[in-house]
Amino acid sequence: MTCIQAAFSSGGGGGGAVWEELCNVTTNGASSVSSGTITAKEFLHIQCTGVNSQTASLIPNFKMTFNNDTGSNYASIERNNNAGSGYSDRTSGSEVLVEVGYAETDAIYFESWCYNNADYDKMGFVSTNNNVTAGAGTAPDMQTMNYKWANTDDQITEIDIVNDKGNMDWRMVVLGHD
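Residues numbered from 1 in each chain as written. Predicted model: local features only at pLDDT ≥ 70, side-chain atom pairs only at ≥ 80, totals over all residues. Heavy atoms only, no water.

Participant: Tell me about the packing of aromatic side chains, residues and numbers included.
Facilitator: Taken as a whole, this structure holds 7 aromatic pairs when the rule is applied. Aromatic pair Phe66 and Tyr74: ring centres 6.1 Å apart, planes at 40°, arrangement tilted. Both residues of the pair, Phe66 and Tyr74, count as buried. Note on Phe66 and Tyr147: the rings are 6.1 Å apart at their centroids and 35° apart in plane angle, and the pair reads as tilted. (Phe/Tyr/Trp six-rings, centres within 6.5 Å; stacked < 30°, edge-to-face > 60°. Buried < 20%, exposed > 50% of the residue type's maximum accessible area, 1.4 Å probe, protein only.)

Participant: Give a detailed account of the side chain of Glu78, specifying residues and quantitative values.
Facilitator: Topologically, Glu78 is positioned in strand 6 (residues 74-80). A polar contact of 3.4 Å, which involves the side chain of Glu78, links it to the side chain of Gln143. (Helix = DSSP H or I, 4+ residues; strand = E, 2+ residues; numbered from the N terminus. Polar contact = N/O pair within 3.5 Å; in protein donor to acceptor, adjacent residues only side chain to side chain.)

Participant: Mind laying out the state of the cysteines, listing which residues take part and the relevant values?
Facilitator: Per the stated rule, a full pass over the model turns up 0 disulfides. Summary of cysteine pairing: Cys48 is not part of a disulfide, and the nearest cysteine sulfur, belonging to Cys23, is at 9.2 Å. (Disulfide = S-S within 2.5 Å.)

Participant: Please provide a residue-by-residue account of the nonpolar core, values included.
Facilitator: Within the largest apolar cluster, 30 residues are counted, with the highest numbers of intra-cluster contacts made by Met64, Phe66, Ile159, Ile161, Trp170, Met172 and Val174. Elements supplying a minimum of two residues to this core: strand 2 (16-30), strand 4 (43-52), strand 5 (62-66), strand 8 (96-99), strand 9 (107-115), strand 11 (141-149), strand 12 (159-163) and strand 13 (168-177). What Phe66 contacts, discounting residues up to four positions off in sequence, is Ile46, Tyr74, Val96, Tyr147, Trp149, Ile156, Glu158 and Ile159. (Core = buried A, V, L, I, M, F, W, Y, C linked by side-chain atoms within 4.5 Å. Contact = heavy atoms within 4.5 Å.)

Participant: Describe the environment of Cys48, naming the residues involved and giving the relevant values.
Facilitator: As for its position among the elements, Cys48 is in strand 4. Cys48 gets classed as buried once you look at its relative accessible area, which sits at 1%. A C-alpha to C-alpha distance of 9.2 Å links Cys48 and Val33, two positions 15 residues apart in sequence. Contact partners of Cys48, with chain neighbours within four places excluded, come to Val33, Ile108, Tyr109, Phe110, Ile161, Trp170, Arg171 and Met172.

Participant: Tell me about the side chain of Thr65, and name the residues and values.
Facilitator: On the secondary structure map, Thr65 appears in strand 5. Residue Thr65 is classed as buried on the basis of its relative accessible area of 12%. In contact with Thr65, other than residues within four places in its own chain, are Thr70, Tyr74, Ser94, Glu95, Glu158, Ile159 and Asp160.

Participant: Any details on the pairing of strand 4? Residues and values, ideally.
Facilitator: Relative to strand 9, strand 4 runs antiparallel, the two being bridged by 9 bridges. Looking at the pairing, Leu44 lines up with Cys114 of strand 9. Across 10 bridges, strand 4 lies against strand 13 in antiparallel orientation. Of the residues in strand 13, the one forming a bridge with His45 is Leu175. (Pairing = 2+ DSSP bridges.)

Participant: Could you give an account of the confidence of the model for the protein chain, naming the residues involved and the relevant values?
Facilitator: Here the protein chain averages 82 in pLDDT, while 78% of its residues score no lower than 70. The model gives residues 1-14 a pLDDT under 50, and that stretch makes 29 contacts with residues more than four places away or in other chains. (pLDDT = per-residue confidence, 0-100.)

Participant: I'd like a description of the pairing of strand 12, backed by residues and values.
Facilitator: A regular strand places its side chains so that they alternate between the two faces of the sheet. Here strand 12 lies mainly inside the structure; 4 of its 5 residues are buried. As paired elements, strand 3 (residues 32-34) and strand 12 share 3 bridges and run antiparallel to each other. Bridge pairing links Val33 to Ile161 in strand 12. Strand direction decides the pairing type here: strand 5 and strand 12, joined by 5 bridges, are antiparallel. Looking across to strand 12, one finds that Met64 is bridged to Ile161.

Listed below in structure tokens is the structure:
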């Protein structure tokens, strides 16, 4: 088990919070990756990479769900490539759209921070970096999103990421602390 010492102080005391590695999963040539069952922690940091394992480029939609819930329990607001007023609201969704397919991609990286208290809606944000064109001549695409999962009964104990357009080589790391 890996522990990471955070650079901030928690509570009123001295030391910082310790982030515990809850999962470190790699899959190849798959349309999805799952954390499997993880220990419930009040704060989660999700990191995920996907590399296109097909010969054709993809225009993907990356979707994230919690605890196998695909009901209409997710809401979010997103912004793509810092586009002026380019905000999109999504309500009563069946997943969090981590990256909406607006460009072909060969590789993606995203991370999410989430408040995971059983008594409240789970609130978090995602930052996505999408490598559309190789080389320094083109900036990567980006997307930021704030989301919530409307569940006031359970903490998140499973995270699933799906690419609805094809297969990727995935790596997901989930860190957590109370």
